[in-house]
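Here are the chains, one letter per residue:
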Amino acid sequence: MAANIKRLIIQLLIFVVGIVLERIIIVLQSPLAPKSGHRHHLAWFWSCLLLFLTWWNFGGYYFCYVLIVWMLLAIILIIRQYHHYQELIYRRYWPAFWRMTFVISAIAYLCSWALQNLPEP
């Protein structure tokens with residue numbers, strides 16, 4: 001129980017550092033990005049951070065199931081895009097891919113907290 005609380009505190013600190021890093025990345029990208037009235041969050045950054053924390057909570061065995069679901073949904077997204085547009089243009093694919101990845105990684109992270117004490121085979 002104490003180890004779980006310690007892990008939670010460390011992960012909350014990682015989130016705070018992530019917020020600072022995201023702001024730094026956005027500021028560094030802003031000269032290159034088109035001027036818009038609002039700033040977007042970096043889906044790729046938060047997805048990677050959440051996947052790392054999910055791996056940390058679950059361990060290697062159960063994290064593989066998250067990766068399998070993630071890759072299957074990415075393949076379905078590619079097939080759907082090809083079926084709809086009859087082409088595969090990565091400019092259309094990447095934003096949708098990272099939004100989907102963020103949703104999957106957020107769900108996986110929440111599940112990793114609920115199921116982190118599963119037995120390792």
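Undergrad: How should I be thinking about the overall build of the protein chain in this particular structure?
TA: When you go through the protein chain residue by residue, the secondary structure sums to four helices and zero strands. Seen in sequence order, the protein chain has helices and strands lined up from the N terminus as α-α-α-α. Long-range contacts, defined here as pairs at least 24 residues apart, represent 68% of the contacts in the protein chain between residues at least 6 apart. Total accessible area on the protein chain is roughly 8600 Å²; 75% of this is exposed by carbon and sulfur atoms.

Undergrad: Can you walk me through the layout of surface pockets in this structure?
TA: Which parts of space are left empty comes out when a probe the size of a water molecule is rolled across the atoms. When its volume is computed, the second largest pocket comes out at roughly 170 Å³. Leu 77, Arg 80, Gln 81, His 84, Tyr 85, Arg 92, Tyr 93 and Ala 96 together form the lining of the second largest pocket. Every element with two or more residues in the lining of the second largest pocket is listed here: α3 (60-85) and α4 (90-114). Broken down by element, the lining of the second largest pocket gets its largest block of residues, five residues, from α3.

Undergrad: Looking at this structure, how should I read the packing of aromatic side chains?
TA: Pairs of aromatic rings are described using the distance from one ring centre to the other and the angle between the two planes. All chains considered together, the criterion is met by 16 aromatic pairs. Measuring from ring centre to ring centre gives 6.3 Å for Phe 58 and Tyr 62, while their planes differ by 45°; the resulting arrangement is tilted. Here Tyr 62 falls in the buried class, since its relative accessible area comes to 18%.

Undergrad: Help me understand the state of the cysteines, please; the structure alone is not making it clear to me.
TA: Cysteine pairs can be covalently joined through their sulfur atoms, and such a bond is termed a disulfide. One pass over the structure, following the stated rule, counts zero disulfides. Not part of a disulfide, Cys 48 finds its nearest cysteine sulfur in Cys 64, a span of 17 Å. Of all cysteine sulfurs in the structure, the one in Cys 64 sits closest to Cys 111, which takes part in no disulfide; the separation is 16 Å. Here Cys 111 falls in the partly exposed class, since its relative accessible area comes to 34%.

Undergrad: Mind showing me how you'd approach the pattern of salt bridges here?
TA: For side chains bearing opposite charge, pairing can occur when the charged atoms are close. In this structure the tally under the stated criterion is one salt bridge. Residue Arg 23 pairs with Glu 22 through a salt bridge whose shortest N-O separation is 3.9 Å.

Undergrad: I would appreciate a short explanation of the environment of Leu 118 in the present structure.
TA: Tracing the sequence through the fold places Leu 118 in the segment after α4. Its relative accessible area of 34% is what places Leu 118 among the partly exposed residues. Separated by 104 residues in the primary sequence, Leu 118 and Ile 14 place their C-alpha atoms 24 Å from one another. Apart from the residues lying within four places of it in its own chain, the contact partners of Leu 118 are Phe 58 and Tyr 62.

Undergrad: Could you clarify how one ought to interpret helix α1 (residues 2-29) in this entry?
TA: Residues separated by three or four positions in an α-helix point in the same direction, a consequence of the helix having 3.6 residues per turn. Here α1 spans 40 Å end to end across 28 residues, near enough to the 40 Å set by a 1.5 Å rise per residue. Of all the positions in α1, only Asn 4, Gln 11, Phe 15, Gly 18, Glu 22 and Ile 26 are classed as buried.

Basis of the calculations
Residues numbered from 1 in each chain as written. Predicted model: local features only at pLDDT ≥ 70, side-chain atom pairs only at ≥ 80, totals over all residues. Heavy atoms only, no water. Helix = DSSP H or I, 4+ residues; strand = E, 2+ residues; numbered from the N terminus. Contact = heavy atoms within 4.5 Å. Areas by Shrake-Rupley, 256 points an atom, 1.4 Å probe, with all protein chains shown as cover. 1 Å grid on protein atoms, 1.4 Å probe; cavity = no way out; pocket = protein on both sides within 12 Å on 5 of 7 lines; lining within 4 Å. Points joined across faces, edges and corners; volume = space filled by probe spheres on them. Phe/Tyr/Trp six-rings, centres within 6.5 Å; stacked < 30°, edge-to-face > 60°. Buried < 20%, exposed > 50% of the residue type's maximum accessible area, 1.4 Å probe, protein only. Disulfide = S-S within 2.5 Å. Salt bridge = Lys/Arg side-chain N within 4 Å of Asp/Glu carboxyl O. Expected span 1.5 Å × (residues − 1).

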